[in-house]
Amino acid sequence: MKCPKICFVNQKGGVGKTTSTITVADELARRGKRTLVVDFDPQGQCAVALNIPPQPGVFKLLISGSAPADCINETGRPNLAMITGDRSTATAQIVLAAENRPFDTIRQALKPLENQFDYILFDTAPSVGGIQERAVWAANLIVIPVATDYLAVDSLGKTLDMLTALSKQGWQGKLAGILPTMYDHVTNESRKAYSYLEKNYPETLFTPIRRATILRDCIADGLTIWQKAAPGPVADDYRALVDQLMKLSRS
Ligand SMILES: Nc1ncnc2c1ncn2[C@@H]1O[C@H](COP(=O)(O)OP(=O)(O)OP(=O)(O)O)[C@@H](O)[C@H]1O
Ligand SMILES: [Mg+2]
């Protein structure tokens, strides 16, 4: 697959989408892969997590008609660049809907960058709206992070329904897998949620990412886990995920 595009999506908030996007992206970059993160969330947290200022990169890309190369920010990390989002992404969302822009708007906008990057990763907002669907449409692989608690597992169906609806309309990508996050084997709730996922989605379940407060500190400090606490248990979990995603991208 040339320049695989991997989209982290779940309509539920706080399940680990941003953490997973930037952690996977920085590890791909550390493995020598030229990697671009595109933050489609108006919260602009990918930039915050990498300690760079949120800017209207997505708005420029999708609405102002800027050349894609002009929308990219360096992150100060080798091989890792970003198209940041900020509040203007919410305006972009409204314009896309009002002008009824085609589903493949994002795919077309990113095409010129395919020769410059080995991987492009998308972070998305915890909501349903034109941007999420268009980001999924542009992606080859989808990862659905799901916090291993009762309510998060309950919301998974809605995101899967969106993928099914897009497939019916001709979307060519596929679900890479469901990623259980914040897994804590000591709590009954985590174990129950995980067994539910194992029972219902055995074919598409990634190895869980443990609950680790160090990940909260990482965001607060603008550092990735690779800079802050690797090697370590949660870094090992994410390394295994990166291995699996690289393998899926080759097939
Ligand atoms: N494995 C984990 N263990 C403990 N805390 C985690 C873990 N993964 C993420 N967190 C923390 O949980 C919070 C939510 O994570 P994150 O921002 O990645 O979720 P999100 O799905 O992107 O949220 P939103 O939907 O608001 O964009 C953050 O404070 C993050 O540091
Ligand atoms: Mg987020």
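Just above sits the structure.
Let us look at the structure shown here. Remember, predicted model here, so these are calculated numbers, not experimental data.

With that out of the way, let us pick up the pairing of strand β1 (residues 5-8). Where a strand is regular, its side chains alternate between the two sheet faces. Alternating positions in β1 separate into two faces, Lys5 and Cys7 on one and Ile6 and Phe8 on the other, with burial throughout. Bridge count between β1 and strand β5 (residues 119-123): four bridges; the pairing is parallel. The residue bridging Lys5 from the neighbouring strand is Ile120, located in β5. By the bridge criterion, three bridges tie β1 to strand β6 (residues 141-147) in an arrangement that is parallel. From the neighbouring strand, Phe8 faces β6, where its bridge partner is Val143.

This part takes up the packing of helix α6 (residues 130-138) against helix α7 (residues 150-168). One can describe the packing of α6 onto α7 by two numbers: an axis separation of 11 Å at closest approach and a directional angle of 60°. As judged from the angle between their axes, α6 and α7 are oblique. Of the two possible hands of crossing, α6 and α7 adopt the one that is right-handed. Contacts from Glu133, Val136 and Trp137 of α6 reach α7 at Met162, Leu163 and Leu166. Tallied by class, the residues present in the contact of α6 with α7 amount to five nonpolar, no polar and one charged.

With that settled, consider the sheet that holds strand β2 (residues 35-39). Ordered by their spatial adjacency, seven strands build an open sheet running β3-β4-β2-β5-β1-β6-β7, and the pairing between neighbours is mixed. Single-partner strands in this sheet number two, and they are β3 (73-77) and β7 (174-181). Neighbouring strand axes in the sheet, compared pairwise and without regard to direction, differ in orientation by 25° on average. Against the sheet, helix α1 (residues 17-30) makes contact with β1, β2, β3, β4 (80-83), β5, β6 and β7, and its axis sits at roughly 165° relative to β5, the strand it touches most.

This part covers the environment of Gly157. Inspection of the secondary structure assignment puts Gly157 in helix α7. A residue is classified by how many C-beta atoms lie within 10 Å of it, and Gly157, with 10 of them, is exposed. Each C-alpha atom, one on Gly157 and one on Leu197, is 11 Å from the other, the two residues being 40 residues apart in sequence.

This part covers the site of ligand 1. Close to ligand 1 lie 20 residues; Gly13, Lys17, Thr18, Thr19 and Pro126 are nearest. Within the residue set of the shell around ligand 1, elements represented by two or more residues are α1 and α9 (214-221).

To continue, consider the environment of Arg31. Positionally, Arg31 belongs in the loop between α1 and β2. What makes Arg31 partly exposed here is the crowd of 15 C-beta atoms within 10 Å. For the pair Arg31 and Asn79, spaced 48 residues apart in the sequence, the C-alpha separation amounts to 9.0 Å.

Moving on, we get to unusual backbone geometry. A cis amide bond, omega 0°, links Ala230 with the succeeding residue Pro231. Note on placement: Pro231 falls in the loop between α10 (225-228) and α11 (233-250). The backbone of Asn51 sits at a positive phi, close to 60°, despite the residue not being glycine. The residue Asn51 is located in the loop between α2 (45-49) and α3 (57-64) in this model.

About the thresholds
- Residues numbered from 1 in each chain as written.
- Chains lettered and ligands numbered in written order.
- Predicted model: local features only at pLDDT ≥ 70, side-chain atom pairs only at ≥ 80, totals over all residues.
- Buried ≥ 20, exposed ≤ 12 C-beta atoms within 10 Å, placed from the backbone.
- Helix = DSSP H or I, 4+ residues; strand = E, 2+ residues; numbered from the N terminus.
- Pairing = 2+ DSSP bridges.
- Axes fitted to C-alpha atoms, helices over the stretch in contact; angles between N-to-C directions.
- Parallel < 35°, antiparallel > 145°, perpendicular 65-115°, else oblique.
- Left-handed = near helix turned anticlockwise from the far one by under 90°.
- Contact = placed C-beta atoms within 7 Å.
- Nonpolar A, V, L, I, M, F, W, Y, C, P; charged D, E, K, R; others polar.
- Near = placed C-beta within 6 Å.

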